[in-house]
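Here is how the chains run, residue by residue.
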Amino acid sequence: MAERRRTKKQQNTVKHFDYTLLTVVFFLLCIGLVMLFSVSSYDANLTFNDSTYYLKNQLKNTIFGIIIMFVVMNIDYHRLDRLSFIAIVVSAVLIALVMTPLGYEANGARRWLNLGVSLQPAEVAKVGIIIFSASKVCRISQKKLATPRGIIEMLLPSLIIAVMVWQITENLSSAIIIMGIGVVMVYMATPGYKPYAIIVLSVAFFATITVLLVTNGVLTEELSYRFGRIRAWIYPETYASTTAFQTLQALYAIGSGGFFGKGLGQSLQKQFVPEAQNDMIFAIICEELGMFGALLIVFLFIVLLWRISIIVNNSNDLFGAMLSVGVLAHIAIQVILNLAVVTNTIPNTGISLPFISYGGSSVVFLLIEIGIVLSVAKNTKYDY
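These numbers were taken from a predicted model, which means no experiment stands behind them. (Residues numbered from 1 in each chain as written. Predicted model: local features only at pLDDT ≥ 70, side-chain atom pairs only at ≥ 80, totals over all residues. Heavy atoms only, no water.)

**Student:** If you had to explain the side chain of Ser-84 to someone new, which residues and values would you point to?
**Tutor:** By the element assignment, Ser-84 lies in helix H4 (residues 84–97). Using a relative accessible area of 8% as the deciding quantity, one classes Ser-84 as buried. Engagement of the side chain of Ser-84 in a polar contact is seen with the backbone oxygen of Asp-81, the distance being 3.1 Å. Setting aside anything within four residues of it in sequence, one finds Ser-84 in contact with Ile-131, Phe-132 and Ser-135. (Helix = DSSP H or I, 4+ residues; strand = E, 2+ residues; numbered from the N terminus. Buried < 20%, exposed > 50% of the residue type's maximum accessible area, 1.4 Å probe, protein only. Polar contact = N/O pair within 3.5 Å; in protein donor to acceptor, adjacent residues only side chain to side chain. Contact = heavy atoms within 4.5 Å.)

Given below as structure tokens:
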């Protein structure tokens, strides 16, 4: 016992800053900016007579996001616990404002707010649901959380926000991500796994039945354009000039890149892939940088998720761990879904690639999330 006391007294408690995580994020941002210019310069020159139009906008938002990230990083993350209810309310209000004159349409979808600056409420909601769910997990007993009632109570806010995003902004992909974040966070906090196995099996069963009904013509695009997307996913060649055009052009880009690619700026498919700088930027990366470049980016995301998981495992408290779990879930879900869409593994749902795709709101709020994780890491103490 005396020896144990002596050992503990000799230990030095220090705070840790995750330079690896920060470095990986900067690598992804730099690669994103370089590829964005390469992919978008042709379209930007035709549309705006300025080949750097998209690059300048993204660079401006990236710099702003980095500044906010460092501010958030230096704030004790425990303060977010007191803002959890405000975070979820603000998220809901901003989504609802899309229906007012403040909301505006771009690329055929009404998903943005003009508040002096362009803002996509769905991105705010992702951060809001992470903060709120982390706080709620800390306030609910483990005994209650292990019951169906407790799980429903935990998932209900995520479901409400996800439905609002889906119905008001018609952004199903963001709704799926928001619901996914909520489910993963509650799953990580729940002792058992059986309820989630039932949820996963139920979703898989429903998805399979839907695909079979679409394949057999029971559910048609006349009923919903989403059924048309599913049919285009199954029979892309049949819809080569319409619904599946973007997907097929992306597949041509991936297939023509080889292992080392055609070279930076040498893509031909970027002239044909609609909005190549957004959802399909990974396809052009495959064409210009080849399989080598694609695997490099995937590797960077794996390292990013690994570092966040280390922070989760070493966090001093449940709130910090759950905040990090939420960010981990968000990035992992979005990366997996984007790569699945680009490779036509799932129907096209319009999901951007984190830190790489064009999008001001996306990059700013992703960097805010990284700032939260770095704050958790910074306030985590290790005994040596």
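**Student:** Give me the lowdown on the packing of helix H12 (residues 281–314) against helix H14 (residues 360–378), citing residues and values where you can.
**Tutor:** Interaxial distance between H12 and H14 falls to 10 Å at its minimum, and their mutual angle equals 45°. In terms of orientation, H12 and H14 fall into the oblique class. For H12 against H14, the interelement crossing comes out left-handed. Mapping the contact onto sequence places Leu-304, Ile-308 and Ile-311 in H12 and Ile-370, Val-373, Val-376 and Ala-377 in H14. (Axes fitted to C-alpha atoms, helices over the stretch in contact; angles between N-to-C directions. Parallel < 35°, antiparallel > 145°, perpendicular 65-115°, else oblique. Left-handed = near helix turned anticlockwise from the far one by under 90°.)

**Student:** Lay out helix H7 (residues 148–168) in plain terms, naming residues and giving numbers.
**Tutor:** Here H7 is 21 residues long and its end C-alpha atoms lie 29 Å apart, about the 30 Å a rise of 1.5 Å per residue gives. Taken as a whole, H7 carries its principal kink of about 35° at Leu-155; the proline Pro-157 stands between one and four residues after it. Where H7 is buried, its residues touch H4, helix H5 (121–139), helix H6 (142–145), helix H8 (172–189) and helix H9 (194–215). Taken from the residues just after H7, Glu-170 is the one with a positive phi, measuring 55°. (Expected span 1.5 Å × (residues − 1). Bend = angle between axes of the 7 residues up to and from the residue.)

**Student:** Hey, could you go over the pairing of strand E3 (residues 109–114) for me, with residue numbers and the actual values?
**Tutor:** Pairing geometry for strand E2 (residues 103–106) and E3, over four bridges, is antiparallel. Each bridged residue has a counterpart across the sheet, and for Tyr-104 the counterpart in E3 is Trp-112. Remark: two residues form the turn of the hairpin made by E2 and E3, two consecutive strands paired antiparallel; Asn-107 in that turn has positive phi of roughly 55°. Here E3 runs beside strand E4 (residues 118–119); their pairing, made up of two bridges, is antiparallel. Along E4, the bridge assignment pairs Asn-114 with Ser-118. Here E3 hands over to E4 after three residues, with Gly-116 in that stretch at a positive phi of 95°. (Pairing = 2+ DSSP bridges.)

Treat this as a map of the structure, not an account of what it does.
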